[in-house]
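Examining the three-dimensional arrangement
Residues per chain are reported as follows:
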Amino acid sequence: VVHFDAMARPQMVRATDDAWLHRVLVLVGERMGYPILINTSFNTRGKPILNRVAEALELLQDLEDLEFILVEDWLVSKAQAQAWGRNREASAS
């Protein structure tokens with residue numbers, strides 16, 4: 001797996017290095033076929049890098065091909081982000 005510019009800087013994670021992250025990778029591998037996470041600057045074309053978790057949750061809702069985000073030890077699915085968005089809208093009204 002490489003970036004569109006054919007570059008990659010893979011990092012290996014063993015259970016003895018970080019048990020929680022290793023388990024996430026194992027589960028991703030079981031679901032997706034590859035135990036791979038991408039660590040990248042989180043922004044979209046023409047927009048600045050995100051600074052708040054709320055911005056990440058909004059982007060997760062908006063981007064069709066993004067299924068999950070991982071913030072610290074919080075794995076968030078698109079469905080969870082959508083529920084957060086509905087709750088946020090309801091509390092704002």
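The paragraphs below set out a description of the structure included in this document. (Residues numbered from 1 in each chain as written. Predicted model: local features only at pLDDT ≥ 70, side-chain atom pairs only at ≥ 80, totals over all residues. Heavy atoms only, no water.)

**Things to note about the pairing of strand E2 (residues 74–77)**
Heads up, the rule is: Each pair of strands is called paired provided DSSP finds at least two bridges between the two strands. Under the DSSP-based scheme used, a helix requires at least four consecutive residues in state H or I and a strand at least two consecutive residues in state E, with every element numbered from the N terminus.
Summarising the sheet, strand E1 (residues 68–71) and E2 pair through four bridges and their orientation is antiparallel. Note that in E2 the partner of Leu70 across the bridge is Leu75. Remark: two residues form the turn of the hairpin made by E1 and E2, two consecutive strands paired antiparallel; Glu72 in that turn has positive phi of roughly 55 degrees.

**Considering helix H2 (residues 53–62)**
To be explicit about the condition: For every residue, the accessible area (1.4 Å probe, protein chains only) is compared with the maximum for its type, and the residue is labelled buried under 20%, exposed over 50%, or partly exposed between those bounds. Note that the arc is computed from the directions linking the helix axis to the C-beta atoms.
Among the residues making up H2, those that are buried are Ala56, Leu57, Leu59 and Leu60. Projected down its long axis, H2 carries its buried residues within an arc of 165 degrees, all on one side.

**Observations regarding the nonpolar core**
This is how the line gets drawn: Definition of nonpolar core: a set of buried residues of the types Ala, Val, Leu, Ile, Met, Phe, Trp, Tyr and Cys, connected through side-chain atoms within 4.5 Å. By the convention used here, residues are in contact when the closest approach between their heavy atoms is within 4.5 Å.
In this structure, Ala56, Leu57, Leu60, Ile69, Val76 and Ala81 together form the largest nonpolar core, which totals six residues. The element best represented in this core is H2, accounting for three residues. In this view, Leu60 contacts Leu66, Glu67, Phe68, Ile69, Val76, Ser77, Lys78 and Ala81; residues no more than four positions away in its chain are not counted.

Read these as layout, nothing more, since geometry by itself doesn't imply function.
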